[in-house]
Amino acid sequence: MRVALFVTCVNDTLYPRTGRAVVRLLERLGVTVDFPAAQSCCGQPHYNSGYRRQAEPLLRRFDAAFAPYDHNVTPSGSCAAMVRDAYPRIGARAAAEGRGGALAAAAARAAPRTYELTEFLVDVLGVTDVGAFFPHAVTYHPACHGLRVLGLKDRPRRLLSRVRGLDLRELPGAEECCGFGGTFAVKNAAVSAAMGADKARAVRATGAGVVCAVDNSCLMHLGGTLQRQGAAVRAVHLAEILASTEEEPFL
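Residues numbered from 1 in each chain as written. Predicted model: local features only at pLDDT ≥ 70, side-chain atom pairs only at ≥ 80, totals over all residues. Heavy atoms only, no water.

Caption draft 1: Region of the structure containing the overall build of the protein chain. Looking only at helices and strands, the protein chain has 13 helices and 8 strands in total. By the compact-globule yardstick of 18 Å for 251 residues, the protein chain fits well, its C-alpha radius of gyration being 18 Å. Reported as C-alpha extents along the three principal axes, the dimensions of the protein chain are approximately 55 × 45 × 30 Å. Taking all contacts inside the protein chain whose residues are at least 6 apart in sequence as the whole, residues at least 24 apart take part in 79%. For the protein chain, the accessible area works out to roughly 10900 Å², and carbon and sulfur atoms hold 52% of it. Taking the average location of the 29 positive side-chain charges in the protein chain and that of its 23 negative ones, the two points are 5 Å from each other. (Helix = DSSP H or I, 4+ residues; strand = E, 2+ residues; numbered from the N terminus. Rg over C-alpha atoms; globule rule 2.2 N^0.38 Å. Contact = heavy atoms within 4.5 Å. Areas by Shrake-Rupley, 256 points an atom, 1.4 Å probe, with all protein chains shown as cover. Lys, Arg positive; Asp, Glu negative; His and termini not counted. Charge placed at Lys NZ, Arg CZ, Asp CG, Glu CD.)

Caption draft 2: Geometry of unusual backbone geometry. The phi dihedral of Thr8 is positive, around 80°, even though this residue is not glycine. Here Thr8 falls in the buried class, since its relative accessible area comes to 5%. (Buried < 20%, exposed > 50% of the residue type's maximum accessible area, 1.4 Å probe, protein only.)

Caption draft 3: Broad picture of the environment of Val210. Looking at the element boundaries, Val210 is found in strand S7 (residues 210-213). What makes Val210 buried here is its relative accessible area of 1%. Linking Val210 and Val233, residues 23 residues apart in sequence, is a C-alpha distance of 5.3 Å. Not counting residues up to four positions away in its chain, the partners in contact with Val210 are Phe134, His136, Ala137, Val138, Thr139, Val233, Arg234, Val236 and Ile241.

Caption draft 4: The side chain of Asp215, seen in detail. Positionally, Asp215 belongs in the loop between S7 and helix H12 (216-228). For the buried Asp215, which has no salt bridge, the nearest side chain bearing the opposite charge is Arg148, at an N-O separation of 10 Å. Apart from residues lying up to four places away in sequence, Asp215 is in contact with Ser76, Gly77, Ser78, Ala143 and His237. (Salt bridge = Lys/Arg side-chain N within 4 Å of Asp/Glu carboxyl O.)

Caption draft 5: The arrangement of the pairing of strand S1 (residues 2-5) in detail. Examined bridge by bridge, S1 and strand S2 (residues 32-34) share 3 bridges and lie parallel to one another. Counted as the bridge partner of Val3 is Val33 from S2. (Pairing = 2+ DSSP bridges.)

Caption draft 6: Broad picture of the sheet that holds S1. Read across the open sheet, the 4 strands follow the order S2-S1-S3-S4; overall the sheet is parallel. Bordering the open sheet on either side are S2 and strand S4 (114-116), each of which pairs with just one other strand. Sheet twist, expressed as the average angle between the axes of neighbouring strands with direction ignored, equals 35°. As defined by bridge partners, strand S3 (residues 72-74) adjoins S4 across 3 bridges and the pair is classed as parallel. Directly across from Thr74, in S4, lies its bridge partner Glu116. Of the strands in this sheet, S3 and S4 touch helix H5 (residues 77-96), which is tilted by about 155° from S4. (Axes fitted to C-alpha atoms, helices over the stretch in contact; angles between N-to-C directions.)

Okay, structure coming up:
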């Protein structure tokens, strides 16, 4: 099977290790991974800030870059949600405004073939045991887009539960937002920081040495908050845990 890696802006710029982890993991499972060089931002920052028209060229670019592939895999619940949930709405609005059906057609091509990593592993490849080894106490934060828009449910936890050596700790108030929310953290900094502090305290209460999620944007916010609180807790993307084996530790 050949898939395309949609790495996303945050990972490409700040967390390239996560992209490498996805490639290592999928190749270990027998998947050939391509990286379409024409990919760019999915347009989520524009759309979430109210600039729908400015996101339209990025929808078209995404469709063109990933058109040759049956499956596009991304280590980001929020960016997967942008493609799957927001792209069809952008296309529908353009058509309703009398600007034709091209955007709607592009969205219809892109949305069903784009998967967040854990749903691709569980739903498409049909695996929960990926051969990972990670001998640490870990707690899982279900980031909002994956939880509420994609409906990832227990897929990430099912994968974590099959990692050898991993001690999975329950996170109090797990479904509460960490406070990042993209531009929300900029526009409402005080509220965002307070929400992050609450989530960080919940993470520390588990006694885990690692907090993981399917979005590095949330982990950036949460990891920074934990660091400011003086907590010895690492924020690690789920892909990096799944990529790690006893013979070849990734972390």
